[in-house]
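What follows is the residue order along each chain.
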Amino acid sequence: MNKKTWLIFTCLAMAIAGYAIVQYLIMDAYQAGFVQLKLLFIDTLNSLWYAMLYMHIVFSVMALVIGPFTLSSKFRENNRKQHRMLGKLYMLGILFGSVSGLYLALYATGGLVAQLGFSALAILWMVTGYQALVHIKARHIGEHQKWMIRNYSLTFAAVTLRIWLLLFTVSFGFDNFIISYPIISWLCWVPNLIIAQWIIGRTRQERGVLVK
């Protein structure tokens, strides 16, 4: 990833992280647009749901913000100790973010399709994080980096989810939200994972050219 692309991804991640912090942690989360929207389709939300929402926001934001720096080769080469420390915090974010995300997915607006979409995202987020952790402990640096790219593409779903929400709302209107949201529950992460795999393949080809 070149510097310009990294900067764009980082700015988008920071913007969504900042929005989430203001919306859910500084202001009243009970009045947040996402919560009010859910209450249009469900009578009430219990205290455990709100606790899981707070957990998801805190740890997902942590992973979203830290991720770009763990992926930066320049930062990694110049700050080995800090890279390891941030990596541990990132994995902590993935653990609690995915567990709380899986719980929230069971209550996703849009029925079974949306529930399955967000559940698959949470499970794959956890699995790819685990794979990245296993490979770094085994000192398989190359494999670790591949799994981290896949994992952060899923973390970045926090950004792409909101981009798709905006596009679908502008294109089809809010009245069709109940139809749009199940589609978005898959669109927010499947293309990300495909792009991540393309980046991994392209990097492998470039290294092969360098070796030759």
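Above this text is the structure in question.
Residues numbered from 1 in each chain as written. Predicted model: local features only at pLDDT ≥ 70, side-chain atom pairs only at ≥ 80, totals over all residues. Heavy atoms only, no water.

## Focus: the side chain of His144
What counts here: For helices the rule is a DSSP run of H or I covering at least 4 residues; for strands it is a run of E covering at least 2, with both sets numbered from the N terminus onward. Any two residues having at least one pair of non-hydrogen atoms within 4.5 Å are treated as being in contact.
Among the secondary structure elements, His144 is positioned in helix H7 (residues 141-155). Sequence-distant contacts of His144, that is, excluding residues within four places in its chain, are made with Ala132, His135 and Ile136.

## Examining the packing of helix H3 (residues 47-71) against helix H5 (residues 80-105)
As a reminder of what qualifies: Geometry is summarised by axes, namely lines fitted to C-alpha atoms with helices restricted to the contacting stretch, and by angles between N-to-C directions that run from 0 to 180 degrees. Note on convention: near helix rotated counterclockwise from far helix by under a right angle means a left-handed crossing. Clockwise means right-handed. Only Asp, Glu, Lys and Arg are considered charged in this grouping, and only Ala, Val, Leu, Ile, Met, Phe, Trp, Tyr, Cys and Pro are considered nonpolar; every other residue, Gly among them, is considered polar.
Two numbers describe how H3 lies on H5: the axes approach to 7 Å, and their chain directions differ by 145 degrees. In the crossing of H3 with H5, the sense of the turn from one axis to the other is left-handed. Here the contact of H3 with H5 is composed, by residue class, of 18 nonpolar, 10 polar and no charged.

## Re helix H6 (residues 112-137)
Note the cut-off: A helix's residues, less one, multiplied by 1.5 Å, set its expected span. With a 1.4 Å probe rolled over the protein chains alone, any residue whose accessible area is under 20% of its type maximum counts as buried; one over 50% counts as exposed, and the rest are partly exposed.
Between its terminal C-alpha atoms H6 stretches 37 Å, which fits the 38 Å expected from 26 residues at 1.5 Å a residue. Residues of H6 that are buried: Ala114, Gly117, Phe118, Ser119, Ala120, Leu121, Ala122, Trp125, Thr128, Gly129, Ala132 and His135. Where H6 is buried, its residues meet H3, H5, H7, helix H8 (157-172) and helix H9 (177-187). Immediately beyond the C-terminal end of H6, within one or two residues, lies Arg139, with a positive phi of roughly 65 degrees.

## A closer look at the nonpolar core
The test is simple: Residues enter a nonpolar core if they are buried and are Ala, Val, Leu, Ile, Met, Phe, Trp, Tyr or Cys, with the set joined through side-chain atoms within 4.5 Å.
Judged by nonpolar contacts, the single largest core of 44 residues is most densely connected at Trp49, Leu64 and Phe118. Put simply, the parts of the chain that give this core at least two residues each are helix H1 (3-26), H3, H5, H6, H7, H8 and H9. For this core, the element with the highest residue contribution is H3, accounting for 9 residues. Setting aside anything within four residues of it in sequence, one finds Trp49 in contact with Phe34, Val35, Lys38, Tyr103, Leu104 and Tyr107.

## Looking at the packing of aromatic side chains
The following threshold applies: Pairs were defined over the aromatic rings of Phe, Tyr and Trp, the Trp ring being its six-membered one, requiring ring centres within 6.5 Å. Orientation was assigned from the angle between planes: stacked under 30 degrees, edge-to-face over 60, tilted for the rest. We call a charge positioned over a ring when the NZ of a Lys or the CZ of an Arg lies within 6 Å of the ring centre and within 35 degrees of the ring normal.
Counting across every chain of the model gives 14 aromatic pairs. Seen in terms of ring centroids, Phe9 and Phe156 are 4.9 Å apart; in terms of plane orientation they differ by 45 degrees. Their pairing is tilted. Placement of the pair is Phe9 in helix H1 and Phe156 in the loop between H7 and H8, with a sequence separation of 147 residues. Relative to Tyr181, the ring of Phe118 lies with its centre 5.5 Å away and its plane at 45 degrees, an arrangement referred to as tilted. Placement of the pair is Phe118 in helix H6 and Tyr181 in helix H9, with a sequence separation of 63 residues. Taken individually, Phe118 and Tyr181 each receive the classification buried, so the pair is uniform in this respect. An aromatic cluster of three or more residues is present, and its members are Phe9, Tyr90, Tyr152 and Phe156. The lysine or arginine in question, Arg150, covers the ring of Trp147, its NZ or CZ lying 4.4 Å from the ring centre.

Keep in mind that these numbers describe shape and distance, not what the molecule does.
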